[in-house]
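Descriptive structure summary
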Amino acid sequence: MTMANGAELNSVEMLKARLREAGVRYVFAQFTDIQGVAKGKTIPLAHLEDVFLPGAGFSGPSIWGTGLPRHGLRSEYYGRGDITTAQVLPWLPGHARIVCDGYVGGEPFDLCPRQILRRQVERLAARGWTLNAGLEPEFFLLQRNADGSVRPADAHDHLEKPSYDYKSLTRQQAFLGALTDALQACGLDVFQIDHEDASGQYELNYHYSDALTAADRFMLFKMAAHSIAESLGMVFSMMPKPFANMPGSGLHFHLSIADEAGGAVFTDRSDAQGLGLSRTGYHFLAGLLHHAPALAALCAPTVNSYKRLVVGESLSGTTWAPAHIGYGDNNRTMLVRVAHSRLEWRLPDASANPYLALAAVIAAGLDGVARALEPGAPFGDDAYELPLSVLRERGLGQLPGNLGDAVSALEADTVLGEALGSAFTAEFCRFKRMEWIEYSRAVHSWETERYADRF
Ligand code: GLU
Ligand code: MG
């Protein structure tokens with residue numbers, strides 16, 4: 001049962017009756033922390049109205065990335081339900097989910113990722129535009145070893161080039177089928193599932209939607225996938241690069257903009273470059289490329305993200321990960337692949353908070369449009385084949401090589417920082433800088449193996 005739209009649903013009492021009829025006894029009032037992790041609390045259905053006013057209450061400083069104090073009015077974080085998101089959860093009998101927006105001191109909280117995305121969506125709406133986004137989740141199904149390390153759950157899945165393998169895909173049908181059924185019951189139109197390019201790696205695609213809905217749905221996808229994998233004794237992993245010798249997992253965004261009449265703003269069939277892109281499409285794309293180093297901090301926000309974003313050999317031959325700041329016609333070796341007049345933004349991985357990553361993409365694209373930035377010529381070659389010196393000569397920049405450099409790039413990008421809110425940007429950079437420093441201070445086995453007895 002999907003509780004979307006419909007004026008008659010705009011009443012909490014009516015919603016309560018509908019949920020009761022559907023066998024719901026608990027509502028999970030859910031929000032997303034700065035790390036993109038689902039958080040919330042369970043509210044018995046009898047108290048449904050509390051989810052809307054004052055909202056589900058949380059201790060602010062107990063939530064990562066809020067920067068809220070330990071005492072006083074501003075120490076309370078309220079998640080106020082968005083009634084249009086009420087949704088029965090098929091994998092969790094008797095439960096529904098309501099997505100919440102963050103409020104502090106009775107006002108929309110300026111560090112709440114969903115509020116941050118709402119503000120960027122409003123900037124588009126002021127132009128009569130809707131950004132549609134198709135998020136493409138890649139993931140691993142893993143098993144935990146006794147020592148805490150992980151391995152692909154399917155011991156038989158070890159082809160060197162496992163993409164699209166029938167046997168390895170269908171061996172996981174218990175998980176993939178249960179996940180698909182659950183998502184379909186939630187109104188997500190799943191249209192394909194495949195085995196990706198690493199052992200134990202899969203991708204499941206469902207239909208695109210407006211940016212806010214796309215972020216809400218991606219969180220629902222993760223919640224369903226974690227619960228279903230756990231019930232089958234597996235670990236669902238969206239870690240960007242779990243195995244050094246295999247490709248990592250991306251979360252590509254397929255982006256397009258519709259105008260008020262439903263027209264495709266990025267499309268122009270008479271495009272002289274043959275990519276079918278309008279001038280606005282090129283400007284938006286140029287904004288993404290211009291802000292790419294800072295966008296990396298939000299779209300690839302973990303230490304591990306930068307182990308995915310390297311060019312090099314893998315067991316299957318390539319990583320398919322973007323490292324060069326450029327674009328091309330159906331070119332998967334670029335940061336932006338243009339296909340069917342849409343922009344495939346290949347930078348994100350699923351360690352990103354989807355609200356923040358989408359908000360940042362909108363802010364960067366709108367800056368490109370506002371300043372009529374140009375992206376240069378499309379790149380028509382396989383960038384993986386060319387040496388760095390040639391790529392530089394041909395005008396391609398490089399993404400930051402690690403989380404620390406990405407955070408520095410975001411700190412230096414005042415346009416993006418101000419669009420997302422200076423308080424948020426400062427807190428995000430502080431939080432991610434801490435992660436980078438903590439990692440940098442750790443001594444890894446790679447180092448001890450090389451250096452312990454060398455000098
Ligand atoms: N796994 C690749 C990545 O990390 C993408 C593969 C593909 O193009 O589907 O971006
Ligand atoms: Mg893929």
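Heads up: the structure comes first, above all this text.
Residues numbered from 1 in each chain as written. Chains lettered and ligands numbered in written order. Predicted model: local features only at pLDDT ≥ 70, side-chain atom pairs only at ≥ 80, totals over all residues. Heavy atoms only, no water.

Quick word on the site of ligand 1
The criterion, for reference: If even one non-hydrogen atom of a residue comes within 4 Å of a molecule or strand, that residue is called near it. Here a polar contact is taken to be a pair of N or O atoms separated by no more than 3.5 Å, where protein atoms must pair a possible hydrogen donor with a possible acceptor and residues adjacent in sequence count only if both atoms sit in side chains. To measure how exposed things are, a 1.4 Å probe is used in the Shrake-Rupley method; for residues, cover is taken only from the protein chains shown. Amino acid classes used here: Ala, Val, Leu, Ile, Met, Phe, Trp, Tyr, Cys and Pro are nonpolar; Asp, Glu, Lys and Arg are charged; the rest, including Gly, are polar.
Residues in contact with ligand 1, as listed here, are Glu138, Glu196, Gly248, Ser249, Gly250, His252, Arg308, Thr319, Trp320 and Arg346. Here a nitrogen atom of ligand 1 and a side-chain polar atom of Glu138 are 2.7 Å apart. At 2.7 Å, a side-chain N or O of Arg308 approaches an oxygen atom of ligand 1. Protein contacts shield 90% of the accessible area of ligand 1, which totals 300 Å² for the unbound molecule. The residue inventory of the shell around ligand 1, partitioned by class, reads 1 nonpolar, 5 polar and 4 charged.

Let's talk about the packing of aromatic side chains
Filter applied, for reference: For Phe, Tyr and Trp, where Trp contributes only its six-membered ring, two rings pair if their centres lie within 6.5 Å, and the inter-plane angle classes them as stacked under 30 degrees, edge-to-face over 60, or tilted in between. The helix count covers DSSP runs of H or I at least four residues long, the strand count covers runs of E at least two residues long, and both are numbered beginning at the N terminus. We call a residue buried when its accessible area falls under 20% of the maximum for its residue type, exposed when it is over 50%, and partly exposed in between, using a 1.4 Å probe and counting protein chains only.
Within the structure shown, the criterion is met by 21 aromatic pairs. Taking the centre distance of 5.1 Å and the plane angle of 45° together, the rings of Phe139 and Phe236 count as tilted. Here Phe139 is found in strand 8 (residues 130-144), whereas its partner Phe236 is found in strand 13 (residues 235-237), with 97 residues between them in sequence. There is no split in this pair, since Phe139 and Phe236 are both buried. Centre to centre, the rings of Tyr282 and Tyr327 are 6.3 Å apart; their planes meet at 70°, and the pair counts as edge-to-face. Of this pair, Tyr282 sits in helix 6 (residues 279-290) while Tyr327 is found in strand 16 (residues 327-329), placing the two residues 45 residues apart along the sequence. By relative accessible area, which is 1% here, Tyr282 ends up buried. Judged by relative accessible area, which is 1%, Tyr327 ranks as buried.

Focus: the packing of helix 7 (residues 292-299) against helix 9 (residues 354-370)
Cut-off, in case you're wondering: The axes are straight lines fitted to the C-alpha atoms, using for helices just the contacting stretch, and the angles between their N-to-C directions are given from 0 to 180°. Any angle between 65 and 115 degrees counts as roughly perpendicular, while under 35 counts as roughly parallel, over 145 as roughly antiparallel, and the rest as oblique. Handedness of a crossing is defined here by the sense of rotation of the near helix relative to the far one, left-handed for an anticlockwise turn of less than a right angle and right-handed for a clockwise turn. Should any heavy atoms of two residues lie within 4.5 Å, those residues are counted as being in contact.
Close contact between helix 7 and helix 9 brings their axes to 9 Å; oriented N to C, the two are set at 165°. With respect to helix 9, the axis of helix 7 lies roughly antiparallel. The way helix 7 lies across helix 9 gives a crossing that is right-handed. Residue-level inspection shows Leu295, Leu298 and Cys299 of helix 7 in contact with helix 9, the latter providing Leu356, Ala357, Ala360, Val361 and Ala364. Partitioning the contact of helix 7 with helix 9 into residue classes produces 8 nonpolar, no polar and no charged.

Things to note about the state of the cysteines
How we decide: Counting rule for disulfides: a pair of cysteine sulfur atoms within 2.5 Å.
Counting across every chain of the model gives 0 disulfides. With no disulfide partner, Cys112 has as its closest neighbouring cysteine sulfur the one in Cys100, 9.3 Å distant. In this structure Cys299 is a free cysteine whose sulfur lies 14 Å from that of Cys429, the closest cysteine sulfur available.

Points about unusual backbone geometry
Between Leu53 and Pro54 the backbone carries a cis peptide bond, its omega angle lying at 5°. In this structure, Pro54 sits in the loop between strand 2 (38-44) and strand 3 (56-59). Within the chain, Ser341 stands out as a residue other than glycine whose phi angle is a positive 60°. Tracing the backbone shows Ser341 in the loop between strand 17 (336-339) and strand 18 (342-345).

Points about the coordination of the magnesium ion (ligand 2)
Just so we agree on the cut-off: Here a donor is any nitrogen, oxygen or sulfur atom (N, O, S) within 2.8 Å of the metal, with 3.2 Å used for Na, K and Ca; water is not among the atoms considered, so some sites may look incomplete.
The magnesium ion (ligand 2) binds to the protein through Glu138 (OE), Glu196 (OE) and Glu203 (OE), with metal-donor distances spanning 2.0 to 2.7 Å. Here the donor residues of the magnesium ion (ligand 2) share one chain and are spaced in sequence as E-x57-E-x6-E. With Glu138 in strand 8 and Glu203 in strand 11 (residues 201-206), this pair connects stretches of sequence that are 65 residues apart.

Concerning helix 7
Extensive coverage of helix 7 is indicated by the burial of 7 of its 8 residues. All of the buried residues along helix 7 are Ala292, Ala294, Leu295, Ala296, Ala297, Leu298 and Cys299.

Concerning helix 6
Short version of the rule: Residue count minus one, scaled by 1.5 Å, sets the expected span of a helix.
If you check helix 6, its first and last C-alpha atoms are 16 Å apart, about what 12 residues at 1.5 Å a residue would give, namely 16 Å. Counting buried positions along helix 6 gives 9 out of 12 residues, so the element sits mostly inside the fold. Of the positions making up helix 6, those classed as buried are Gly281, Tyr282, His283, Phe284, Leu285, Ala286, Gly287, Leu288 and Leu289.

A look at the environment of His340
Note that His340 resides in the loop between strand 17 and strand 18. The exposure class assigned to His340 is exposed, which follows from its relative accessible area of 67%. A sequence separation of 324 residues divides His340 from Lys16, and the C-alpha atoms of the two residues are 43 Å apart.

Structural notes on the side chain of Asn331
Take Asn331: it is sitting in the loop between strand 16 and strand 17. For Asn331, the residues in contact, after removing those within four places along its chain, are Val336, Arg337, Phe379, Gly380 and Asp381.

Notes on the environment of Leu179
Considering the arrangement of structural elements, one finds Leu179 in helix 4 (residues 173-185). For Leu179, a relative accessible area of 0% corresponds to the buried category. Spatially, the C-alpha atoms of Leu179 and Ser445 are 36 Å apart, while their sequence positions differ by 266 residues.

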